[in-house]
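# Fold and geometry: a report
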Amino acid sequence: MSGAHLHVHSAFSFLNGASHPTDIVREAASQGITTLALTDDYRVSGIVPFLKACQEYGVKGIVGAEVEVEDWGKLVLLVPESSAYPDLTALLTAAHLENPRGQTRVNGDMLRRYSGSLIALTGDREGLLARAYIERDMARLAEIRKQLAAIFGPDRLYVEVTTSLLPGDRRLFRALRDLAEAEGWPLVATGAVHYARKESFGLYDLMTCIRTGERIESVFSDRRLNAENYLKPWSDFEKLFRDWPQVLAATEALAERLQSPELFNRRFRPLFALPEGMRAEQALREKVLQGSRRRYKSQALEVRPRIERELSVIQDLGFSDYFLVVADVADFARQQGIRFSGRGSAADSVVAYCLGITDVDAWRRNLLFERFMSRERQEMPDIDIDFDARRRDEVEAYVTHRYGSEHVARVATYQTYRQRLAVREIGKVMGFPPQELDALAKSLPEAPIHSLLERWEQIPELRQYPESDRLRAVLTWAKAIEGLPRHIGTHLGGVVITDVPIEAISPRERSPKGVEIVQFDKRDVEDLGLMKLDLLSLRTFSAVEVASQAIQQRQAFDYDQIPLEDEATFQRLQKGDSIGVFQLESPAQRALAQRLQPSLWEDIVASLALIRPGPIKGNMVDPFVARRRGEEPVTYLHPDLEPILSKTYGVVLFQEQVIAIASTLAGFTPGEADLLRRVMTHARSTAEMEMLGQRFREKAMARGVSEEIADQVFQQIVGYASYGFNEAHAAAFAETSYRTAYLLEHFPRQYFLGLLNAEPLGYYPIDVLLVEARRRQIPILPMDINQSQAAASEEGSCLRIGLGFLNGMGMETAEAIVDRRPQGGYRHPEDVAERVPGARKHLPALIEVGAFDCISPDRSGFLEDIQGTNGLRLTSARSDRLWTPAEQVVADYRHLGFGQRWQWMEFWRPHVAREGYQSIQDIQQAPAGQPVRAVALFYRPHRPPTRSGRLVVFFSLVDETGVLEARLSSKGYQRFGHLLFGKVRRMIAVAGIREPSGIRVTALSAWPPEA
């Protein structure tokens, strides 16, 4: 084994590399390459999977990056040892933050400040020496040589020659050799790699077209002329440089000099400020015990052993500071009146409950702390907190201010190519019209692209396209790019807090949203030893706060004191009438509620866990419902399982139950049991499962359990281990679900006000919410330039649409229109433009949706008025020239997405009624089994996983009278699927059979029928 590739780009160069780091390492190992340097553009985002793969395959992994030096050209920087890594991260931070986003550059001053002990390669043909020589700019070449010598000295700079096999290579190499000899710099060889294997050149070429915005038939300078930038075997280097043996010797000597940095097995914890002499462990204990007295009062001593056990694990694993930081964040939010709730596995912790981080009582629910943290797992705790979406940024600003901007940054995400994005971008460079591409992308079922290609003829929405060969070509290339990273973005709420400056661990950069982020995602930051806290936004909390404030203007009300056993609230859920309720409004949840008939808090917790892909595929729903309703006996394989499974009627539903079963029946420690659950979840081979089963049986039999029962229990938990849901998470969400159902039942107007002002947030669009509001006798008032606020507002017993609902305008402009409204109101559209210049481009849409009807109902006249200049406010508006209701509705749906005064179907009702079609309200009153017909708008067609594995389509039908859920069978999907996905009309006619939860569709057609 020999050879080294020291200039390698992966897919983390974002459209400048076509292979994942793991694939590159695997290919290098197969060739016997001993040293590999990952040198992505301006980033080190790929180094975690890269270094892990290097360890797995026995390749020495070197960290580096390629940068553009301002006015010079590209330069490859390598980290020779662990101590030099912060030099690279600091330099990359400066390159990103000291330049405008999208113009990342390094200059000579940055190199002098941060190059430290970094080693530099002069790059390929785009490198700073080669570029100056090719452009025959000898003065620049001389200056670059002078600066490089001053910055890197005689032993940290290497002149690079590449195996690109391009015209003029020999002359360029000789020039670079002469230059290197004159300066005393060694000459090294690289492949300037951008993809692992030669056959990936086509994909890289397409990615280059995507990056530059060019079509594949275009010729442009950034496009590579050949397929030579792959990971060549070292034997190819030996042939290409047979006349230059000193180049390969210098390359191998440099590879020997470079060492893989030690970046794993470290921990950077946040330091919580404490009084002098007090340790974090002591401060945490005091705060937790104080909280336990507040939470448990007279039972505090009874809970104490559980608290001590949790504190012992937290302290042994070194997370005391972390819990103090999280508790401090929760305290800040509480003091500022910012609604929040901790969720996820953190709700398995009594310590988190006592600290006020979560509101789930893990002790009373008998939840297992080990699902959250354990000595055996040795992982960092993952605490998620949802905040009112309007005020979440206040919380992050507090964290940044308290711990310092150099110690706080947002976690990154990698936007990867999923099927729709891959199809759109590949199709664009292949010349497909945008509308056709959009229709194709929207029509694709949720499945890996390779399976779509294999089942092309079984997918009706693909069969409808006449140019199937061209579309297959798009999908074939999309398959190759699927899963690769496209660009870097901002995690929804993940924040890292460190005791050392973050740039010593990761470069920082600005995301497209202008937020400073590290260059690693949520998985990688943990591998690098960074501790993450998820400060998430929840729009439902915004809706809750808006509703609560509206209620409080009329009566005393405390959302947190809502009674938890309200019969009317449960009756609403039992009817499946829960559109707008957090986590319980989807068609599947409403159908489950009608079957389950929830009457207890635990029913809601179970519902949230049941409607998931795993439980549905694993046939957990039907047995649970039957047992809950007393239609099937509740049985247990062993008496010791009853305390664990009684709350779920003998069905294994929660992850915590798998842990408890392994602990109780087989004597695993809770930490060992959680590891067992995780292994079972991810184990794939029969041999792995057999080994786990044998261990479980042996341990259970040693505790007196028969082999037969032990085997049956193991098979049961194996079947549910990968499907089970986190009970603590379900319990945390259940509280919000129930409370929002209470608001919907008892304060519907105020709750719909909150929902409208928190959009987008739920399963259904505003059009559906307004149908539901009107069904509850809540009048909706249209947008009014002199009455509307920026947001929706209450007017007596009505709700008024706000100006901010106009598509494209935004709340800032809407608020300015309201704030600058004259005392007597606006008198003409030009008044608005004069006071709010940014609103001028929105005047036509405001006029068309009737915002100026309060001044004159002649919308056409006002549209004429705003053509050209009209400083005198002259108007051609006439009171006798009105738009028809149909014209008004068309304008509403065009500019708002919903009807303000009328729902779309109201104008079709007389016509469709004459044709024998029923309203949704009529269908809902029809008995099950009766044939029905309807014309309606349809929303949210989707193909969820089913127990049978067949493709079944579910969608919602909406008209002015209500919402009805529709189900289309697998055979029906083959006949009618093209009418629901892709380039479709929104209004359809359906015929079918009434079912308890909706309609089983037997026929479907576009409406109105084509002439």
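Residues numbered from 1 in each chain as written. Predicted model: local features only at pLDDT ≥ 70, side-chain atom pairs only at ≥ 80, totals over all residues. Heavy atoms only, no water.

### Observations concerning the overall build of the chain
Along the backbone of the chain there are 43 helices and 22 strands. Here the chain has a C-alpha radius of gyration of 32 Å; the compact-globule value for 1011 residues is 30 Å, and the two agree. Considered along the principal axes of its C-alpha atoms, the chain spans approximately 90 × 90 × 65 Å. Within the chain, buried positions represent 58% of all 1011 residues. In the chain, the proportion of contacts linking residues at least 24 apart, taken out of those at least 6 apart, comes to 71%. As displayed, the chain offers around 41,400 Å² of accessible surface, 48% of which is attributable to carbon and sulfur atoms. Positive and negative side-chain charges in the chain, numbering 125 and 134 respectively, have mean positions lying 3 Å apart. (Helix = DSSP H or I, 4+ residues; strand = E, 2+ residues; numbered from the N terminus. Rg over C-alpha atoms; globule rule 2.2 N^0.38 Å. Buried < 20%, exposed > 50% of the residue type's maximum accessible area, 1.4 Å probe, protein only. Contact = heavy atoms within 4.5 Å. Areas by Shrake-Rupley, 256 points an atom, 1.4 Å probe, with all protein chains shown as cover. Lys, Arg positive; Asp, Glu negative; His and termini not counted. Charge placed at Lys NZ, Arg CZ, Asp CG, Glu CD.)

### With respect to the pattern of salt bridges
Under the definition given, this model contains 71 salt bridges. With a shortest N-O distance of 2.6 Å, Arg572 and Glu745 are connected by a salt bridge. Here Glu745 lies in helix α33 (residues 727-746) and Arg572 lies in helix α23 (residues 567-574), a separation of 173 residues in the sequence. Judged by relative accessible area, Arg572 falls into the buried class, the value being 10%. (Salt bridge = Lys/Arg side-chain N within 4 Å of Asp/Glu carboxyl O.)

### Describing the sheet that holds strand β6 (residues 157-162)
Here we have seven strands laid out as an open sheet, ordered β1-β2-β3-β4-β5-β6-β7, and mixed in their pairing. Two strands in the sheet have a free side with no partner beyond their single neighbour: β1 (4-8) and β7 (187-190). Adjacent strand axes in the sheet meet at a mean angle of 30 degrees, parallel and antiparallel pairs treated alike. As paired elements, strand β4 (residues 73-78) and strand β5 (residues 119-121) share three bridges and run antiparallel to each other. Directly across from Leu78, in β5, lies its bridge partner Ile119. Packing of helix α3 (residues 85-97) onto the sheet brings it into contact with β3 (60-69) and β4, and relative to β3 it is tilted by some 30 degrees. (Pairing = 2+ DSSP bridges. Axes fitted to C-alpha atoms, helices over the stretch in contact; angles between N-to-C directions.)

### Let's talk about the nonpolar core
Within the largest apolar cluster, 106 residues are counted, with the highest numbers of intra-cluster contacts made by Leu743, Met783, Leu803, Phe805, Ile817, Leu846 and Phe852. In terms of residue count, the dominant contributor to this core is α33 (eight residues). Setting aside anything within four residues of it in sequence, one finds Ile817 in contact with Ile785, Leu803, Met809, Tyr826, Val832, Val836, Ala839 and Leu846. Counting 86 residues, the second-largest nonpolar core is a separate cluster that includes Val48, Leu172, Ala175 and Val411. (Core = buried A, V, L, I, M, F, W, Y, C linked by side-chain atoms within 4.5 Å.)

### A short note on the UniProt feature "domain: Polymerase/histidinol phosphatase N-terminal" (unreviewed entry) in the chain
In this numbering, the UniProt entry assigns the feature "domain: Polymerase/histidinol phosphatase N-terminal" (unreviewed entry) to residues 4-71. The span residues 4-71 is 32% helix and 32% strand, and its two end C-alpha atoms sit 30 Å from each other. (UniProt positions renumbered as here; feature names shortened; annotations may be inferred.)

### Digging into α3
Between its first and last C-alpha atoms α3 spans 18 Å; for 13 residues at 1.5 Å apiece the expected length is 18 Å, and the two agree. Taken as a whole, α3 has its buried residues at Tyr85, Leu88, Thr89, Ala90, Leu91, Leu92, Thr93, Ala94, Ala95, His96 and Leu97. Check the buried side of α3 and you find it contacts α2 (47-57), β3, β4, α4 (108-114), β12 (508-510) and β13 (516-518). (Expected span 1.5 Å × (residues − 1).)

### Description of the sheet that holds strand β16 (residues 793-795)
The strands making up a sheet associate through backbone hydrogen bonding, with each pair oriented either parallel or antiparallel. Spatial ordering of the open sheet is given by β15-β17-β16, a layout of three strands whose pairing is mixed. Edge positions in the open sheet fall to β15 (780-781) and β16, since each of these has one partner strand only.

### A short note on a positive patch on the surface
A surface patch of positive charge is lined by Arg136, Arg170, Arg171, Arg174 and Arg242. Here Arg170 shows up in helix α7 (residues 169-183). (Patch = residues over 30% accessible without salt bridge, like charges linked within 9 Å, V, L, I, M, F, W, Y side chains within 5 Å.)

### Thoughts on unusual backbone geometry
Residue Pro760 follows Glu759 across a cis peptide bond; omega there is -5 degrees. With respect to the helices and strands, the residue Pro760 is situated in the loop between α34 (748-758) and α35 (766-775). Here Trp1007 and Pro1008 are connected by a cis peptide whose omega angle stands at -5 degrees. Turning to its location among the elements, Pro1008 is positioned in the segment after β22 (998-1006). Of note in this structure, Gln777 is not a glycine but carries a positive phi near 65 degrees. With respect to the helices, strands and loops of the structure, Gln777 is situated in the loop between α35 and β15.

### Some remarks on the packing of α34 against α35
Axis separation between α34 and α35 bottoms out at 11 Å; the angle between their running directions is 170 degrees. In terms of their interaxial angle, α34 and α35 are classed as roughly antiparallel. For the pair formed by α34 and α35, the contact residues are Phe752, Leu755 and Leu756 on the first element and Ile766, Leu769, Leu770, Glu772 and Ala773 on the second. Looking at the contact of α34 with α35 residue by residue, the class counts come to seven nonpolar, no polar and one charged. (Parallel < 35°, antiparallel > 145°, perpendicular 65-115°, else oblique. Nonpolar A, V, L, I, M, F, W, Y, C, P; charged D, E, K, R; others polar.)

### Considerations on the packing of aromatic side chains
Scanning all chains against the criterion turns up 29 aromatic pairs. A centroid spacing of 6.2 Å and a plane angle of 75 degrees characterise the contact between Phe323 and Phe372, whose relative ring orientation is edge-to-face. Note that Phe323 is positioned in helix α13 (residues 320-335) and Phe372 in the loop between α14 (350-354) and β9 (384-388), a separation of 49 residues in sequence. On the basis of relative accessibility, which here comes to 0%, the residue Phe323 falls in the buried class. (Phe/Tyr/Trp six-rings, centres within 6.5 Å; stacked < 30°, edge-to-face > 60°.)

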